[in-house]
Amino acid sequence: MGDYVLRCLTGGEVLEDHYTLACPHHPGFVRAEYTAKQLTVRENLPGVFRFSDWLPVRGSVPTRSRPVTFQNRELCRELGQPNLWITFTGYYPERGCYVPTGSFKELEALPTIVRLNEAGGGTLVVASAGNTGRAFAQMSAEFGTPVVLVVPESSADKLWTAGYFDHSSIRLVTVRGDYTDAIKTADKICEAPGFFPEGGGKNIARRDGMGCVMLDGAVTIGKLPEYYFQAVGSGTGGIAAWEAAIRLIGDGRFGSKFPELHLSQNLPFVPMVRAWNAGRDHIIDEDMPDAQASISAVSAHVLTNRTPPYGICGGVYDAMKSCGGQMYTVENKDAASAASLFAEAENGIDIDPAAAVAFASLISAAEEGSIRTNADILLNITGGGYQRVKKDCETAKIGVYETVDTGEVPVL
Ligand SMILES: Cc1ncc(COP(=O)(O)O)c(C=O)c1O
């Protein structure tokens, strides 16, 4: 299971995998090419590891975390789209969703820690605006993998674990700055031996973990959807959806056409939307005017990455070019209305502000008639059920290990 070769997308060469994140000779992404050309869903394996055929791991860890795909008749009617499918990754027991930290970042964290442990182990360094850090914190508390979490100071209260109270394997560093400043601090920490970057979009475990949303959607629908909706900050979820679609097309049982990617960002911070709509394969400073003020004005802070893998070989631009589709800007108030609509239709479940951005973009696409009625649509609800998890499980806040200024390296 999970047998693969690692290929450099720029040069085409096969690379040895020692938790390899990049080709030593070329820029751009590396990608896993799995031996299994057809997907067998391993019902006997826990959570997301049911998709182990297409995950870069040999083993698994016990978990119930996985994406779950379902339909809601009320929302289908409301949007005039009878074939709307929702893939939900969060905490929502009535729908069989038991992701304790509430977001699809756990789909990335699970295969990443297994991949690192299988490559010999070490301390994982994770930069996050909140959700990714919480996902890795939970894995660290559950499985003992040491992690250093680096987050903007304003995100510290988003760092907690559910049902686990021993945080001795977790060091939380807060940075007086934004998400991008946290990324820079994390990069510096990784210069020391024994500290490994989680790798963001470069890590095949993270991408292929997120790709399980598309796998779950396609397996549940019985074919690839025509449209895939997601809110993006790094865009890794969009890239992952594209790569999963490549494998599903190769499988031969799910259709031969790529789903169009419909990716959204939260106004006023929308660098990828601006670059894409201008036809550019790279982001320029003008795509993020008043970056700091814009970042603090969005409701979905996890979408505020200033250095997403947009123009890199195998990145967001290539994914959009290959699949076609659209990019959307969404205002806070429209995201809030979308979240209310979802809660009304789904037992009061609170969705992540980022998931609300994606849902709002779908509502506007349906209203404007820019998507075909009756088409299979996959809406990636990337997080939700936070209130519910806090009701059902005891949660424990993670204490701050050290707070540093932008550019400063903590003593670890
Ligand atoms: C809930 C949620 N949705 C969407 C995103 C955007 O994901 P990406 O751009 O990495 O695909 C994030 C990123 O942290 C997130 O936490």
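Note that this is a predicted model, so its numbers are computed, not measured.

(A) Broad picture of the packing of helix α7 (residues 236–251) against helix α10 (residues 316–323). As a packed pair, α7 and α10 sit with axes 9 Å apart at the nearest point and diverge in direction by 45°. Looking at the two axes, α7 sits oblique to α10. The crossing of α7 and α10 is left-handed. On α10, the residues that touch G238, I239 and W242 of α7 are V316, D318, A319, S322 and C323. Across the contact of α7 with α10, the residue classes break down as five nonpolar, two polar and one charged.

(B) How the structure looks around the site of the ligand. The environment of the ligand is formed by 17 residues, the closest being G233, S234, G235, G237 and T382. Contact distances for the ligand include 2.8 Å between an oxygen atom and a side-chain N or O atom of N131. Contact between the ligand and Q230: an oxygen atom at 3.0 Å from a side-chain N or O atom of the residue. Contact with the protein chains removes 97% of the 400 Å² of surface that the ligand exposes when unbound. Put simply, the ligand lies in the largest pocket.

(C) Seen up close, helix α11 (residues 332–345). When the terminal C-alpha atoms of α11 are compared, their 20 Å separation across 14 residues agrees well with the 20 Å that a helix rising 1.5 Å per residue should span. Of all the positions in α11, only A335, A338, L341, F342 and A345 are classed as buried. Viewed along the axis of α11, the buried residues span an arc of 120°, placing them on a single side of the element. Those residues of α11 that are exposed and angled more than 90 degrees off the buried face are K333 and E344. On the buried face of α11, the contacting elements are α1 (73–79), β5 (84–88), β15 (325–330), α12 (353–368) and β16 (377–381).

(D) Representation of the UniProt feature "binding site: pyridoxal 5'-phosphate" in the protein chain in the model. This chain's UniProt record puts "binding site: pyridoxal 5'-phosphate" on N131 and T382. The greatest C-alpha distance among the residues just named is 10.3 Å, despite their covering 252 residues of sequence, which places them together in space. In this structure, the largest pocket is lined, among the annotated residues mentioned, by N131 and T382. Structurally, N131 can be placed in helix α3 (residues 131–143). What makes N131 buried here is its relative accessible area of 9%.

(E) Looking closely at the sheet that holds strand β14 (residues 260–266). Strand order in this open sheet of six strands is β4-β5-β16-β13-β14-β15, and the pairing throughout is mixed. Bordering the open sheet on either side are β4 (68–70) and β15, each of which pairs with just one other strand. With strand direction ignored, the average angle separating the axes of adjacent strands in the sheet is 20°. Two elements, strand β13 (residues 227–231) and β16, share three bridges in a ladder whose sense is parallel.

(F) Expanded view of the packing of aromatic side chains. Enumeration according to the criterion identifies eleven aromatic pairs in this entry. On the basis of an interplanar angle of 80° and a centroid distance of 6.1 Å, the ring pair of Y91 and Y98 is categorised as edge-to-face. We classify Y91 as buried; its relative accessible area is 9%. Note on Y98: relative accessible area 26%, which makes it partly exposed. By the ring-pair criterion, three or more aromatic residues cluster together here, those being F70, F88, Y92, F342 and F359. A cation sits over an aromatic face here: R64 above Y98, 3.9 Å from the ring centre.

(G) The arrangement of unusual backbone geometry in detail. With omega at 10°, the peptide bond leading from L267 into P268 counts as cis. If you trace the backbone, P268 turns up in the loop between β14 and α8 (271–277). Within the chain, D290 stands out as a residue other than glycine whose phi angle is a positive 45°. Within the secondary structure layout, D290 lies in the loop between α8 and α9 (291–297). Look at D290 and you get exposed, because its relative accessible area is 62%. Residue N374 is not a glycine yet carries a positive backbone phi of 75°. Tracing the backbone through its elements, the reader meets N374 in the loop between α12 and β16. Since its relative accessible area comes to 46%, N374 is described here as partly exposed.

(H) Spatial organisation of α10. All of the buried residues in α10 are V316, Y317, A319, M320 and C323. In an axial view of α10, the angular spread of the buried residues amounts to 165°, which keeps them on one side of the axis. Against α7, β14, α8 and β15 lie the buried residues of α10. Following α10 by one or two positions, G324 adopts a phi angle in the positive range, close to 75°.

(I) Main features of empty space enclosed by the protein. Under the criterion given, the structure shown has one cavity of 30 Å³ or more. Volume-wise, the largest cavity comes out at about 40 Å³. Lining of the largest cavity is provided by W54, R207, D208, G211, L215, A240, A244 and R247. Elements represented by at least two residues in the lining of the largest cavity include exactly α5 (204–210) and α7. Among the elements that make up the lining of the largest cavity, the one with the highest residue count is α7 (three residues).

Reading the values: the criteria
- Throughout this description, residue numbers start from 1 for each chain and increase along the sequence as written.
- Only residues with pLDDT of at least 70 get local features here, since the model is predicted, and only at 80 or more are side-chain atom pairs given and counted; chain-wide, interface and lining totals rely on the full set of residues.
- Here the side-chain values reflect all heavy atoms present in the structure, with hydrogen atoms and water set aside.
- Each axis is a line fitted through C-alpha atoms, taken for helices only over the stretch in contact, and angles between the N-to-C directions span 0 to 180 degrees.
- Runs of H or I in DSSP of at least four residues are treated as helices and runs of E of at least two as strands, each being numbered from the N terminus.
- With respect to orientation, any angle under 35 degrees is reported as roughly parallel, any angle over 145 as roughly antiparallel, any angle of 65 to 115 as roughly perpendicular, and every other angle as oblique.
- In this scheme the crossing of two helices becomes right-handed for a clockwise turn of the near helix relative to the far one and left-handed for an anticlockwise turn of less than a right angle.
- Residue contacts follow a heavy-atom distance rule, with two residues in contact if any of their heavy atoms lie within 4.5 Å.
- Residue polarity follows a fixed list, in which Ala, Val, Leu, Ile, Met, Phe, Trp, Tyr, Cys and Pro are nonpolar, Asp, Glu, Lys and Arg are charged, and the others, Gly among them, are polar.
- If a single non-hydrogen atom of a residue is within 4 Å of a molecule or strand, that residue counts as near it.
- Any N or O atom pair separated by 3.5 Å or less is treated as a polar contact, with the protein-specific requirement of one donor-capable and one acceptor-capable atom, and with residues adjacent in sequence counted only for side-chain atom pairs.
- Per-residue and other accessible areas follow the Shrake-Rupley method at a 1.4 Å probe size, with only the shown protein chains counted as cover for residues.
- Here a cavity denotes a set of grid points, spaced 1 Å apart and computed over the protein atoms alone, in which a 1.4 Å probe fits but from which it cannot get out, and a pocket denotes an open set meeting protein on both sides within 12 Å along at least five of seven lines; residues with an atom within 4 Å of a point are reported as lining.
- If over half the atoms of a molecule are within 2 Å of the grid points of a cavity or pocket, the molecule is regarded as sitting in it.
- Expected helix span is computed as 1.5 Å times (number of residues minus one).
- With a 1.4 Å probe rolled over the protein chains alone, any residue whose accessible area is under 20% of its type maximum counts as buried; one over 50% counts as exposed, and the rest are partly exposed.
- It is the directions from the helix axis to the C-beta atoms that the arc portrays.
- UniProt positions are given in the numbering used here, feature names are shortened, and annotations may be inferred rather than shown by experiment.
- What makes two strands pair is DSSP finding at least two bridges between them.
- For Phe, Tyr and Trp, where Trp contributes only its six-membered ring, two rings pair if their centres lie within 6.5 Å, and the inter-plane angle classes them as stacked under 30 degrees, edge-to-face over 60, or tilted in between.
- The rule for a charge over a ring is simple: NZ of Lys or CZ of Arg within 6 Å of the ring centre, and within 35 degrees of the ring normal.
- Grid points are joined across faces, edges and corners, and a volume is the space filled by probe spheres set on the points.

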